[in-house]
Amino acid sequence: MNFEVLTLFPRSLEAIFSESIIGRAAAKGAISVKCTDIRDYTKDKHRRVDDTPYGGGYGMVMMCQPVVDCIRAVKSRLSGSTRVIYMSPQGSLFDQKKAEELTRYDNLILLCGHYEGIDERIIELEVDEEISVGNYVLTGGELPAAIVVDSVSRLIDGVLPSPECYTDESLQNGLLEHPQYTRPRVFEGLEVPEVLVNGDHAKQRLWKEEQSRLRTGKKRPDLLGE
Ligand code: 4G1
């Protein structure tokens, strides 16, 4: 999987993508993540990428020319299937099902807005799909794009150290994780549940499944459709 993030702030994301599991996966070639600076595509003599909105109103809007040229330039050097996604509060809500769906593409181009967003004609001309990561106000689409890169990447072969890391995982079957503990066995008087310390493997598996269901019902009944 190849991710192409188009942004006015490439360095903010490069820092995230060069670390941890995603950084390691990219270093060994299981995925590739590239950030492209939209400003590099401006033809304006002052290198401007935004302008005031027609019809008035607060703030600035990202202009067609640099964004459309940037998308087309990136597209032209890609091979295989490509999906152009605009990270936008107007998109449909990102979830695990969508993450799995996106693994089918060879390339994901993730366009990040800033200011008051982008000229609508960019969406009409070049965007296949709009995705939102949640209902709150942000200053830009960079963190949402990082969320998509992170959650899609971990479904790609060779990204996680062992495949059980996700076949076993909670949200994969629509449930939360059971409570987790590590050493010490007692911390400030709080003990690790006995079954995890002395139980046999079958008992522990049953306990985990039960805890998973109980906790989902209590903390996230919406996941059970309740
Ligand atoms: C109206 C949230 C505006 C925000 C209503 C989730 C949010 C991109 C996302 C905004 C953004 C609501 C996202 C808002 C996002 C242009 C640049 C749009 C930043 C911008 C609920 C600002 N998932 N927000 N507008 O936050 O890009 O992907």
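Parameters at a glance
- Sequence order as written defines the numbering, with residues in each chain counted from 1.
- Under the rules for a predicted model, residues below a pLDDT of 70 receive no local features and side-chain atom pairs below 80 are neither given nor counted, while totals for whole chains, interfaces and linings still include all residues.
- In computing side-chain values, all of the structure's heavy atoms are included and hydrogens and water are not.
- We call a residue near a molecule or strand whenever a single non-hydrogen atom of that residue lies within 4 Å of it.
- What qualifies as a polar contact is a pair of N or O atoms within 3.5 Å, subject to a donor-acceptor requirement within protein and to the restriction that residues adjacent in sequence count only when both atoms come from side chains.
- For the accessible areas, the method is Shrake-Rupley and the probe is 1.4 Å, while residue cover comes only from the protein chains on display.
- Helix numbering and strand numbering both begin at the N terminus, where a helix is a DSSP run of H or I of at least 4 residues and a strand a DSSP run of E of at least 2.
- Ten residues, namely Ala, Val, Leu, Ile, Met, Phe, Trp, Tyr, Cys and Pro, are considered nonpolar, four, namely Asp, Glu, Lys and Arg, are considered charged, and the remaining ones, Gly among them, are considered polar.
- Remark: exposure states derive from per-residue accessible area (1.4 Å probe, protein chains only) relative to the maximum for the residue type, with buried under 20%, exposed over 50%, and partly exposed in between.
- Directions drawn from the helix axis to the C-beta atoms are what define this arc.
- By the convention used here, residues are in contact when the closest approach between their heavy atoms is within 4.5 Å.
- Counted as salt bridges are all cases of a side-chain nitrogen of Lys or Arg within 4 Å of a carboxyl oxygen of Asp or Glu.
- A pair of strands is labelled paired if DSSP reports no fewer than 2 bridges between them.
- The axes are straight lines fitted to the C-alpha atoms, using for helices just the contacting stretch, and the angles between their N-to-C directions are given from 0 to 180°.
- Small angles under 35 degrees read as roughly parallel and large ones over 145 as roughly antiparallel, with 65 to 115 read as roughly perpendicular and the rest as oblique.
- Throughout, a crossing is termed right-handed when the near helix is turned clockwise from the far one, and left-handed when it is turned anticlockwise from it by less than a right angle.
- When the strands point away from the viewer, a crossover counts as right-handed if the path from the first strand over the helix to the second runs clockwise.

Engineer: What is the right way to read the site of the ligand from this model?
Structural biologist: With respect to spatial proximity, 18 residues lie near the ligand, and among them Ser88, Val133, Tyr136, Val137 and Leu138 are the closest. Backbone polar atom of serine 88 to an oxygen atom of the ligand: 3.3 Å apart, as the coordinates give it. The backbone of leucine 138 places a nitrogen or oxygen atom 2.8 Å from an oxygen atom of the ligand. Protein chains shield 78% of the accessible area of the ligand, which is 560 Å² for the free molecule. Broken down by secondary-structure element, the contributors of at least two residues to the shell around the ligand are β5 (82-93) and β7 (129-132). Split into classes, the residues belonging to the shell around the ligand amount to nine nonpolar, nine polar and no charged.

Engineer: Teacher, can you tell me more about helix α1 (residues 10-17) here?
Structural biologist: Helical periodicity: at 3.6 residues per turn, an α-helix aligns residues three or four positions apart in one direction. Within α1 the residues assigned to the buried category are Pro10, Leu13 and Phe17. Considered in projection along α1, the buried side chains sweep an arc of 75° and stay on one side of the axis. Where α1 is buried, its residues meet β1 (2-7), α2 (20-27), β2 (32-37) and α6 (142-153).

Engineer: Sorry if this is basic, but what is going on with the pattern of salt bridges here?
Structural biologist: Here the idea is simple: oppositely charged side chains can pair when their charged atoms come close. Throughout the structure, instances matching the rule amount to 12 salt bridges. Close ionic contact of arginine 72 with glutamate 126 constitutes a salt bridge, the shortest N to O distance being 2.6 Å. Taken together, the positions of arginine 72 in helix α3 (residues 64-76) and glutamate 126 in helix α5 (residues 120-126) put the pair 54 residues apart, joining distant regions of the chain. A relative accessible area of 42% places arginine 72 in the partly exposed class. Measuring nitrogen to oxygen at the nearest pair gives 2.9 Å for the salt bridge that ties arginine 83 to glutamate 129. Placement of the pair is arginine 83 in strand β5 and glutamate 129 in strand β7, with a sequence separation of 46 residues.

Engineer: What exactly am I supposed to notice about the pairing of β1 here?
Structural biologist: The side chains of a regular strand alternate between both faces of the sheet. Among the six residues in β1, six count as buried, and that is most of the element. Bridge analysis of β1 against β2 gives six bridges, and the strand direction is parallel. Following the sheet pairing, threonine 7 is matched in β2 by aspartate 37. Note that β1 and strand β6 (residues 107-112) share five bridges and pair parallel. Looking at the pairing, valine 5 lines up with leucine 110 of β6.

Engineer: Just checking my understanding: could you explain the packing of α1 against α6 for this structure?
Structural biologist: What describes two packed helices is the angle between their axes and the distance between those same axes. Put simply, α1 and α6 touch, their axes get as near as 10 Å, and they point 30° apart. Compared by their axis directions, α1 and α6 come out roughly parallel. By crossing handedness, the relation of α1 to α6 is classed as right-handed. Taken together, the residues of α6 that come into contact with α1 (itself represented by Ser12, Leu13, Ile16 and Phe17) are Glu142, Leu143, Ala146 and Val149.

Engineer: Got a minute to help me understand the pairing of β6 in this structure?
Structural biologist: Within β6, six of the six residues are buried, which leaves it mostly tucked inside the rest of the structure. Of the two faces of β6, the one carrying Asn107, Ile109 and Leu111 and the one carrying Leu108, Leu110 and Cys112 are both buried. Bridge analysis of β5 against β6 gives six bridges, and the strand direction is parallel. Bridge pairing links arginine 83 to leucine 108 in β6. Viewed along the sheet, the connection from β5 through helix α4 (residues 96-102) into β6 turns out right-handed.

Engineer: Explain the sheet that holds β6 here, please?
Structural biologist: What links the strands of a sheet is backbone hydrogen bonding, and the strands pair in either a parallel or an antiparallel sense. The strand order across the open sheet built from five strands is β2-β1-β6-β5-β7, with neighbouring strands paired in parallel fashion. Looking at the sheet topology across the chains shown, the edges are occupied by β2 and β7. Averaged over all pairs of adjacent strands, the angle between strand axes in this sheet comes to 30°, irrespective of strand direction. Of the strands in this sheet, β1, β2, β5 and β6 are in contact with α3, which crosses β6 at around 165°.

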